[in-house]
Protein chains: 2
Amino acid sequence: MKHISSRDNPAVKALAKLACTAGKRGAPVLLDGVHLCQAWLQHYGAPDQAIFDVERLSQPDIAALAAAVPEASSLALDARLMQSLASVESGQGVAFLVTPQVLPVPPVVDENCVLFDRIQDPGNVGTLLRTCAAAGIKRVFLATGTAAAWSPKVLRSGQGAHFALAIHEHADLTALLPRLQVPLVATSLDGARDLYEGRLPERCAWVFGHEGQGVAAELLAAAKLKVLIPHDAVAVESLNVGAAAAICLFEQRRQALHGSRR
Amino acid sequence: MKHISSRDNPAVKALAKLACTAGKRGAPVLLDGVHLCQAWLQHYGAPDQAIFDVERLSQPDIAALAAAVPEASSLALDARLMQSLASVESGQGVAFLVTPQVLPVPPVVDENCVLFDRIQDPGNVGTLLRTCAAAGIKRVFLATGTAAAWSPKVLRSGQGAHFALAIHEHADLTALLPRLQVPLVATSLDGARDLYEGRLPERCAWVFGHEGQGVAAELLAAAKLKVLIPHDAVAVESLNVGAAAAICLFEQRRQALHGSRR
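Model, not experiment: these values are computed from the prediction.

Student: Just checking my understanding: could you explain the overall build of chain A for this structure?
Tutor: The helix and strand tally for chain A stands at nine helices and 12 strands. For chain A, the C-alpha atoms occupy an extent of roughly 60 × 35 × 35 Å along the three principal directions. Put simply, chain A has 262 residues, and 52% of those count as buried. For chain A, restricting intrachain contacts to residue pairs at least 6 apart in sequence, the fraction spanning at least 24 positions comes to 80%. When the 24 basic and 24 acidic side-chain charges of chain A are each reduced to a single mean position, those positions are 3 Å apart.

Shown next, in the form of C-alpha cells:
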C-alpha cells in the first residue's frame, strides 16, 4: 500500500478539500469512520479509494477493511494527515472516497416514499433519512435546496440510513408529481384533517418542507390529503420538521401494523 | 439610553463573553432576537439588561421592546458591537441579558413530565423541548450532563418552548425517583412492550437517554414500563432520540385525544 507522509502530496490536498465540502451532484464524497466504510463495502463493494491511518492498520476492524479493498486503490497516511481529513475531532483512522450512484427517477412511483422540500439543516436531513429508514420507507426524493445527503453532517446524523434508502438528490418535485401513482400527503397548519381522524393511505408520497416556510404552495395545492398534528398551539407554534415527520410516518406504520384494532 | 461605541467598554466585553458560553447554573444568559425577547417580557417581565443596535431602534418591533424596558437597564450599541453578540450570522438588533429562575424541585411529581438523561447535542435538546411543549407537557427535568437549556443553540431550536415549560436543570434523576407519583416509562430495545400494544398511562414520567448509551441502567431498572418503537431494525439500528420522543409523546397524546376509539 502506498504510504504518504507529506501534506503537499496532491492526493492528500485533493482529499482534504473534499473532506470539508458537501458533495455536488455525481461528485465523489468522503465517508469517514469504520461503520460508514463497512456499510459502503457491504452495499456497493470497493470504494474509488480507501485511505488509512498508517499507525492503525493493525487494528482488527481497520485491517479487515484494508484486506477487503484492492491494494491499488488504497493509501496509508501519516496520522496527522489522516486527522486533517476526519470530520470529527477524533477520526477512526479510515475513510473511503466513493461516488454515490445517481439513480434514475422511476417513470412510475407507486410505493410509500418521502419528498424533502428544501430542508436546509443537515442535522434535520440526516435525522429525517434515519426516521424514513426506521419507518420502512425505501425511496426518498430530495429537492434542490435540500442539504446534500452525502455531506459529512448528514451522513453522521443518518446513522447508516443512506444504505437502506434509494436517495434521489436534486429532484424536481413538481416534475415528479405526474409520476406519482400514490396520493401526495402534506402536513399543514390550516385546511387540514386531524392526523388521527380516519385512516391514512397504506402507501403515499409524504412531503415535508422547509424549516421556516413549510411545504411550497404548489406542492401543498397538489396534495390529495393535508394532515394536521394536533399539538398544543398555545405552547409552541409548530413542531420541528424531523419530529413532525416521525409522528406522521410512525402513525402510518402503527395503522399498518395494528390496523384492524384502530 | 446609554450609547456605547467602544469594543473595550467593560459591559460590552462581559456581554461578548456571555454570548458564546453556555449558561452555568443560575448564571445570566443572553437571549438573542425579537421573538425570544418578546417571550421573556411576556412571561417574566423586564430583563436584567436590554441591549439594542442603535441603528435599529426606530424599527417598530425593536422600538416596542425598548419602550417596554426600564431605560436604566438599557444599552444602545453600535451595529458592529451588537453583531459581535449575535448567535446567528444576521442578528436582529436586540438581545436581553436575563437570569432564568432556578425552580425548586416539587416534593411530589404527579403530572405528565419528561426526564432528559444526559442528552448531549444542543439541537436534540432544543427539539425535544419543543416537542414536549407541543405535546402538552408542562414540566421537564434535565440531568447533569444534558446540554444547557438556555444556551444559544438550544434556545434557537427550542423555538419558544422554554416559555411553555418548567425546566429543572442539573437534576439528579435518581433522587427524583421517590418523588414520582406517576409511573416511569422508558424506551428500550429489549425486554420492552410494543409501544402500540395496549394503553399508555394517561400521566407518566417519560425518560429519554444519551444519544449513544441510551437511558442509564439504574433508571431503566426503575422503569415501570419499557416500550419499544417497532421500527425497521434491518434498515437502521435505532431512531434519533428526538424522533423517538416525538413518536412516544404523540402516541400518548393520540390515546388521550382519541382514546375511546383505539
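Student: Help me understand the interface of chain B and chain A in this model?
Tutor: By a frequent convention, interface size equals the accessible area lost on bringing the separate parts together. In this complex, chain B contributes 35 residues to the contact, which on the side of chain A involves 35 residues. Of all residues in chain B, R130, Y196 and R254 of chain B bury the most surface against chain A, accounting for 19% of the area lost on that side. Counting every contact that joins chain B to chain A gives four salt bridges. Across the pair D232 of chain A and K138 of chain B runs a salt bridge, and its minimum N-O distance is 3.4 Å.

Student: Whenever I open this one, the pattern of salt bridges confuses me. Can you help?
Tutor: A side chain of one charge can pair with a side chain of the opposite charge if their charged atoms are brought near each other. In total, this model carries 12 salt bridges over all chains according to the counting rule given. Here R254 of chain B ties to E251 of chain A by a salt bridge, and the two come within 4.0 Å at their closest N and O atoms. In this pair, R254 of chain B sits in helix α9 (residues 241-258) while E251 of chain A sits in helix α9 (residues 241-258), so the two residues belong to two different chains. For the pair R254 of chain B and E251 of chain A, one class covers both residues: buried. The partner of R139 of chain B in a salt bridge is E111 of chain B, and the shortest N-O contact between them spans 2.5 Å. Taken as a pair, R139 of chain B in strand β7 (residues 139-143) and E111 of chain B in the loop between β5 (94-98) and β6 (113-117) lie far apart in primary sequence, 28 residues in all.

Student: Help me understand the packing of aromatic side chains, please; the structure alone is not making it clear to me.
Tutor: Note on aromatic pairs: each is described by the distance of the centres and the angle between the planes. Under the counting rule described, the total for this entry stands at 12 aromatic pairs over all chains. Between W40 of chain A and W150 of chain A, the ring centres sit 5.9 Å apart and the planes meet at 80°, which makes this aromatic pair edge-to-face. Taken together, the residues W40 of chain A in helix α2 (residues 34-44) and W150 of chain A in the loop between β7 (139-143) and α6 (152-158) connect sequence positions 110 residues apart. With a centroid separation of 6.0 Å and 80° between ring planes, the pair formed by W150 of chain B and F163 of chain B is classed as edge-to-face. Here F163 of chain B lies in the loop between α6 (152-158) and β8 (166-171) and W150 of chain B lies in the loop between β7 and α6, a separation of 13 residues in the sequence. Across the pair, exposure class does not vary: W150 of chain B and F163 of chain B are buried alike. Grouping aromatic residues by their ring pairs yields a cluster made of W40, Y44, W150 and F163 of chain A.

Student: Explain the domain arrangement of chain A to me, please; I cannot follow it from the model alone.
Tutor: All names here are of chain A. By domain assignment, chain A separates into domain 1 (2-98) and domain 2 (113-261). Taking the mean C-alpha position of each, domain 1 and domain 2 sit 33 Å from one another. Contacts between the two partners involve 14 residues from domain 1 and, on the opposite side, nine residues from domain 2. When the two sides are added together, the surface that domain 1 and domain 2 hide from each other amounts to roughly 1,100 Å², 70% of it contributed by carbon and sulfur. Applying the counting criterion to the domain 1 and domain 2 interface returns zero salt bridges. In this structure, the connection of domain 1 to domain 2 is made through one residue pair in polar contact (both at pLDDT 80 or more). Secondary-structure elements contributing two or more residues to the side of domain 1 that touches domain 2 are β2 (29-32) and α2. In terms of residues, the side of domain 1 that touches domain 2 owes the most to one element, α2, which gives five residues.

Student: Looking at this model, I keep getting lost on the sheet that holds strand β3 (residues 49-53) of chain B. Mind explaining?
Tutor: Strand pairing in a sheet relies on backbone hydrogen bonds. The paired strands run either parallel or antiparallel. Residues and elements named next belong to chain B. Read across the open sheet, the five strands follow the order β1-β4-β3-β5-β2; overall the sheet is mixed. Of all strands in the sheet, those bounded by a partner on one side alone are β1 (2-4) and β2 (29-32). Adjacent strand axes in the sheet meet at a mean angle of 25° when their direction is disregarded. In the sheet, β3 pairs with strand β4 (residues 74-77) via four bridges, with the strands oriented parallel. Bridge assignment links F52 to a residue of β4, and that residue is A76. Taken strand by strand, helix α1 (residues 10-19) contacts β1, β2, β3, β4 and β5, and its axis lies near 90° from that of β4. Against the sheet, helix α2 (residues 34-44) touches β2 and β5, its axis set at about 40° to β5.

Student: I keep staring at the relation of the copies chain B and chain A and nothing clicks. Help me out?
Tutor: Both copies of the chain are related by a screw-like operation: a rotation about an axis and a shift along it. Rotating chain B by 180° and translating it 0.0 Å along the rotation axis places it on chain A, where the RMSD comes to 0.0 Å. The relationship between the two copies is best expressed as a two-fold rotation axis. A shared interface surface links the copies, since 100% of the contact residues of chain B are contact residues in chain A too.

Student: Explain the sheet that holds strand β10 (residues 193-194) of chain A here, please?
Tutor: Residues and elements named next belong to chain A. Strand order across the open sheet formed by seven strands is β8-β7-β6-β11-β9-β12-β10, with parallel pairing between neighbours. Taken across any chain shown, the strands that pair with only one partner, and hence form the sheet edges, are β8 (166-171) and β10. Inspection of the sheet shows strand β6 (residues 113-117) paired to β7 by four bridges, in the parallel sense. What sits directly across from V114, in β7, is V140. Packing of helix α5 (residues 122-134) onto the sheet brings it into contact with β6, β7 and β8, and relative to β6 it is tilted by some 170°. With respect to the sheet, α9 is in contact with β6, β9 (184-187), β11 (205-209) and β12 (225-228), its orientation differing from that of β11 by roughly 165°.

Student: For this particular structure, what's the right way to read the pairing of β7 of chain A?
Tutor: Looking along a regular strand, one sees side chains alternate from face to face of the sheet. All names here are of chain A. When you tally the buried positions in β7, you get five out of five residues, the bulk of the element. One crossover worth recording links β6 to the parallel β7 by way of α5, and it is right-handed. Judged from the four bridges that link them, β7 and β8 form a sheet pairing that is parallel. From the neighbouring strand, V140 faces β8, where its bridge partner is I167.

The rules we used
- Residues numbered from 1 in each chain as written.
- Chains lettered and ligands numbered in written order.
- Predicted model: local features only at pLDDT ≥ 70, side-chain atom pairs only at ≥ 80, totals over all residues.
- Heavy atoms only, no water.
- Helix = DSSP H or I, 4+ residues; strand = E, 2+ residues; numbered from the N terminus.
- Buried < 20%, exposed > 50% of the residue type's maximum accessible area, 1.4 Å probe, protein only.
- Contact = heavy atoms within 4.5 Å.
- Lys, Arg positive; Asp, Glu negative; His and termini not counted.
- Charge placed at Lys NZ, Arg CZ, Asp CG, Glu CD.
- Buried area = accessible area lost by both parts, 1.4 Å probe.
- Salt bridge = Lys/Arg side-chain N within 4 Å of Asp/Glu carboxyl O.
- Phe/Tyr/Trp six-rings, centres within 6.5 Å; stacked < 30°, edge-to-face > 60°.
- Domains from an automatic or database assignment.
- Polar contact = N/O pair within 3.5 Å; in protein donor to acceptor, adjacent residues only side chain to side chain.
- Pairing = 2+ DSSP bridges.
- Axes fitted to C-alpha atoms, helices over the stretch in contact; angles between N-to-C directions.
- Least-squares fit on C-alpha atoms with pLDDT ≥ 70 in both.
- Right-handed = clockwise from strand over helix to strand, strands pointing away.

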